[in-house]
Amino acid sequence: MNQEQNYPFPQVFLVDGGGQYPAHQPSLVPCWSFPPPQERRRSRDRGGGCLGVRPGAAVLVLMLFLLVFAALGFLAFQIHRMQKELKTLQQVNADSETPGAQKQIGFSEEPVWRREESRTAAHVTGRMDSFSYGHTLRWDPHAGRGFMQGSVVYRYEDGGLQVNETGLYHIYTRVELTLSNCSPESSFLHTVFVRRVGRHAPLKLMEAHRAGFCAMRTRLSWTTESYLGSALQLQKLDRVYVNISQPSDVRRVPYANFFGLYKL
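Remember, predicted model here, so these are calculated numbers, not experimental data.

**Student:** Help me get a handle on the overall build of the protein, residues and values and all.
**Tutor:** The secondary structure content of the protein amounts to four helices and 11 strands. When burial is assessed residue by residue, the protein has 27% of its 264 residues classed as buried. When contacts within the protein are restricted to residue pairs at least 6 apart in sequence, those whose partners lie at least 24 apart make up 69%. Surface exposure of the protein reaches about 18600 Å², of which carbon and sulfur atoms provide 58%.

The following block contains the structure:
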């Protein structure tokens, strides 16, 4: 036998039935060496799990992946919820801009100055020749701070303010009189009335009877004034006028005498 070759197992030789070695050395039978059973068991223990990954490490990696996917899903849910809340808020804002809501809360798409311009209103001041037209005073819609806007017109022919919309209006007027030879018996009437379509007689709206404004036992000039104002319901095409019982005593100062109305 050749003892110089190293084999993990003893070599195998063939012998004859007599127990004698053959005259010539037989050919070697091919064989493959395997690690001992204990060494193979140790190698499996060292490898541990599939593809050399320990079960504990695989579970940890799987949990990390699940945690990442859960975080991404929660983030997507939060974004979706925020988008829904934004759409709801936009819908609420759109609904709050409807005409009914605007009327309820006092806001609209128009700017404030535009809404003020569209409101029906008028303010006229007294004319110097107001006493030459009987008891009904005449006015100037353009003098001083006089103006006309909205559905109201001034009637130059008879001194009335004609409204072209039915509604609730605040009507006001002031007159100032200077009475010469004023006495305790001096007095005057200040009246606001309306002429209405289908009604022949004028309809009195407001009236003031001023008396006792002069000092006792005096015949000097005396200045007094009267103011009337109220919220009244007017109909379309109503014409509103101001009467004074003594128009010749009306003080000839435009800013002291005025008349106006505006829709509420």
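Back to the write-up after that little detour.
**Student:** How would you explain the side chain of Ser186 if you had to name every residue and give the values?
**Tutor:** Relative to the elements of secondary structure, Ser186 occurs in the loop between strand S6 (167–179) and strand S7 (187–195). Overall, the relative accessible area of 12% leaves Ser186 in the buried class. Contacts of Ser186, omitting those with residues within four sequence positions, involve Leu179, Asn181, Arg210, Ala211, Gly212, Phe213 and Cys214.

**Student:** Break down the pairing of strand S4 (residues 152–155) for me, with residues and values.
**Tutor:** Where S4 lies against strand S5 (residues 160–163), four bridges are found, and the strand directions are antiparallel. Considered in S5, the bridge of Arg155 is made with Gly160. In this structure, the hairpin formed by S4 and S5 is closed by a connection of four residues, where Gly159 is found at a positive phi of approximately 80°.

**Student:** Give a description of the pattern of salt bridges that names residues and reports values.
**Tutor:** This structure, assessed with the given rule, holds eight salt bridges. Measuring nitrogen to oxygen at the nearest pair gives 2.8 Å for the salt bridge that ties Arg196 to Asp238. Highlighted residues: Arg196 in the loop between S7 and strand S8 (203–211) and Asp238 in the loop between strand S9 (222–234) and strand S10 (239–244), separated in sequence by 42 residues. Judged by its relative accessible area of 0%, Asp238 falls in the buried class. Across the pair Glu207 and Lys204 runs a salt bridge whose closest N-O atoms are separated by 3.2 Å. Relative accessible area serves as the criterion here: at 38%, Glu207 is assigned to the partly exposed category.

**Student:** If you had to explain the pairing of S5 to someone new, which residues and values would you point to?
**Tutor:** The side-chain alternation of S5 yields two buried faces, one formed by Gly160 and Gln162 and the other by Leu161 and Val163. The pairing of S5 with S10 spans two bridges and is antiparallel. Following the sheet pairing, Leu161 is matched in S10 by Val240.

**Student:** Tell me about the sheet that holds S7, and please be specific about residues and values.
**Tutor:** If you walk across this open sheet you meet the five strands as S4-S5-S10-S7-S8, and the pairing is antiparallel. Every interior strand has two partners, whereas the edge strands, S4 and S8, have only one. Strand-to-strand twist of the sheet, defined as the mean angle between neighbouring strand axes without regard to direction, takes the value 15°.

**Student:** Lay out the side chain of His190 with the relevant residues and their values.
**Tutor:** When you line up the elements, His190 lands in strand S7. A distance of 3.5 Å separates a polar atom in the side chain of His190 from a polar atom in the side chain of Thr173. Contacts of His190, omitting those with residues within four sequence positions, involve Thr173, Arg174, Val175, Met206, Glu207, Ala208, Ser226, Tyr227, Leu228, Val242, Asn243 and Ile244.

**Student:** How would you sum up the packing of aromatic side chains? Please name residues and give values.
**Tutor:** Per the counting criterion, the structure on display carries five aromatic pairs. Consider the rings of Phe193 and Tyr241, whose centres lie 5.3 Å apart with planes at 20°: the pair is stacked. In this pair, Phe193 sits in strand S7 while Tyr241 sits in strand S10, placing the two residues 48 residues apart along the sequence. Among the residues examined, Phe193 registers a relative accessible area of 8% and is labelled buried. Sitting above the plane of the Tyr241 ring, Arg195 keeps its charged end 5.9 Å from the centroid.

What counts and what doesn't
Residues numbered from 1 in each chain as written. Predicted model: local features only at pLDDT ≥ 70, side-chain atom pairs only at ≥ 80, totals over all residues. Heavy atoms only, no water. Helix = DSSP H or I, 4+ residues; strand = E, 2+ residues; numbered from the N terminus. Buried < 20%, exposed > 50% of the residue type's maximum accessible area, 1.4 Å probe, protein only. Contact = heavy atoms within 4.5 Å. Areas by Shrake-Rupley, 256 points an atom, 1.4 Å probe, with all protein chains shown as cover. Pairing = 2+ DSSP bridges. Salt bridge = Lys/Arg side-chain N within 4 Å of Asp/Glu carboxyl O. Axes fitted to C-alpha atoms, helices over the stretch in contact; angles between N-to-C directions. Polar contact = N/O pair within 3.5 Å; in protein donor to acceptor, adjacent residues only side chain to side chain. Phe/Tyr/Trp six-rings, centres within 6.5 Å; stacked < 30°, edge-to-face > 60°. Lys NZ or Arg CZ within 6 Å of the ring centre and 35° of its normal.

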